[in-house]
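# Examination of the molecular architecture
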Amino acid sequence: MGSSEQSEPRRSDGLFLPDFCSARVVLAVVLLAELVAILLTLARYEAGEQFWDNLARISLFLLWCTLLSAGLLCAARSSFAARGPAATSLAALGIVLASVAVVSAGAWWMGRAWQGLPALLAGADTGRLPVFMSTNMLIAAIVTGLLLRYFWVAAQWRREVREEARSRIRALQARIRPHFLFNSMNTIAALTRTDPKRAEEAVEDLSDLFRASLSDATSTVTLKEELELSRIYQRIEEHRLGDRLAVEWRIASLPLRARIPALSVQPLLENAIYHGIEPLQGGGTIVIEGSYDAARGVIELTIENPLAEPLAGGAARREGNHMALDNLRQRFALAWGGRASVQAGPSGQHYRVVLRFPAEVSA
């Protein structure tokens, strides 16, 4: 396992380049080519020249170069995964320079028939192919080098952000796990004296909970698996709280094959019991309701519990440290970025947590 973990960064280092097979990246390349064309046209513009004619010729030349380069980089992307960053950069630079050389030679030979066509970049000698090609390739090398440096720095920054987020998630996850043991062991200790069969069932449920909690903090499970785990936790707490705890599940419309970060719903159910049900003498009802917006492909899951009244003497309600919510927000941001949200707060006499996330269904 250790060797595979160490080799993973090396395999992914060569993929710091954007995906040139993507339409969004190709559009960005075209826009960048047009920007360079405008700068080159302005740099060599003199009074009396046809600015728009020059811009059109330079734009056409650069579009040939960039689209050919993007196509070749797209075809070579799979081979970059096995290369290091230096080898990938040299390969990408070679592809771009080769593309510029081919397009330059083609433009020069076409210019032999249509005069004026090869004078596309500043300093090009229309009578000498080597000068024309070397000028174009020099400009391409400078622009490509700057872009490669930018892609590498941006990829390293994104990688550091992901690793930092994963480290915070693992730390928060490790702090949540003792809650399972503390609450459940007290329940089992009481049941062993009064109902050994139920105590055995609680031990089995507890083992299932720990098996899930010991999994990778950044892994995902199906929504069905996560809800089943939450029901297991509910059974353990029902052993302890009895009739004081009731949970209504309104999730019939949810796509249960959708993926969700592991241990997303269960900690929220734990919070709802600890902060909402336990302080109430008569207990209460927790409502877990889900809806699915098929048009937008978004799942909304709500966990709502009653708010405990202030204690005698004006003491405040039991306050949490928001550990589970902070954990969940970071995991949702890591999984979906701005496409997911975690909202929480009082709503009348209840406390409500609303999860919204894309319905990404597993195969």
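None of these values were measured; they are calculated from a predicted model. (Residues numbered from 1 in each chain as written. Predicted model: local features only at pLDDT ≥ 70, side-chain atom pairs only at ≥ 80, totals over all residues. Heavy atoms only, no water.)

## Some thoughts on the environment of Ala-141
Which entries qualify depends on this criterion: Here a helix means four or more residues in a row that DSSP labels H or I, a strand means two or more in a row labelled E, and each is numbered from the N terminus.
Locating Ala-141 in the fold gives a position in helix α5 (residues 129-194). Taking C-alpha positions, Ala-141 is 9.1 Å from Gly-94, a pair spaced 47 residues apart along the chain.

## Re helix α9 (residues 323-336)
Convention followed: Multiply 1.5 Å by the residue count of a helix minus one, and that product is the helix's expected span. Only protein chains enter the calculation, and the probe is 1.4 Å; a residue is then buried if its accessible area is under 20% of its type maximum, exposed if over 50%, and partly exposed in between.
Taking 1.5 Å per residue, 14 residues should reach 20 Å; α9 reaches 20 Å between its end C-alpha atoms and fits that length. Of all the positions in α9, only Met-323, Ala-324, Leu-325, Asn-327, Leu-328, Gln-330, Arg-331, Phe-332 and Trp-336 are classed as buried. Backbone geometry just downstream of α9 places Gly-337 in the positive-phi region, at approximately 65 degrees.

## Some details on the pattern of salt bridges
Short version of the rule: What counts as a salt bridge is simple: a side-chain nitrogen of Lys or Arg found within 4 Å of a carboxyl oxygen of Asp or Glu.
A complete count under the given rule lists 13 salt bridges for this structure. A salt bridge links Arg-240 to Glu-278; the nearest nitrogen and oxygen atoms lie 2.7 Å apart. Of this pair, Arg-240 sits in helix α7 (residues 223-241) while Glu-278 sits in the loop between α8 (266-277) and β4 (284-293), placing them 38 residues apart in sequence. For Arg-240, a relative accessible area of 30% corresponds to the partly exposed category. Note that Glu-289 is salt-bridged to Arg-250, the shortest N-O span being 3.9 Å. Taken together, the residues Glu-289 in strand β4 and Arg-250 in strand β2 (residues 245-250) connect sequence positions 39 residues apart.

## A look at the sheet that holds β2
To keep it simple, the criterion reads: Two strands qualify as a pair provided that DSSP identifies no fewer than 2 bridges between them. Note on geometry: axes are C-alpha line fits, over the in-contact stretch for helices, and angles between N-to-C directions span 0 to 180 degrees. Contact criterion: two residues are considered in contact whenever any of their non-hydrogen atoms come within 4.5 Å of each other.
Across the sheet, which stays open at both edges, the five strands sit in the order β2-β4-β5-β7-β6 with mixed pairing between neighbours. At either end of the open sheet lies a strand with only one pairing partner, and these are β2 and β6 (341-347). Neighbouring strand axes in the sheet, compared pairwise and without regard to direction, differ in orientation by 15 degrees on average. Judged from the nine bridges that link them, strand β5 (residues 298-306) and strand β7 (residues 350-358) form a sheet pairing that is antiparallel. The residue bridging Glu-304 from the neighbouring strand is Arg-352, located in β7. Sheet strands in contact with α7 are β2, β5 and β7, and its direction is about 160 degrees off that of β2. Contacting β2, β4, β5 and β7, α8 runs over the sheet at an angle of about 145 degrees to β4.

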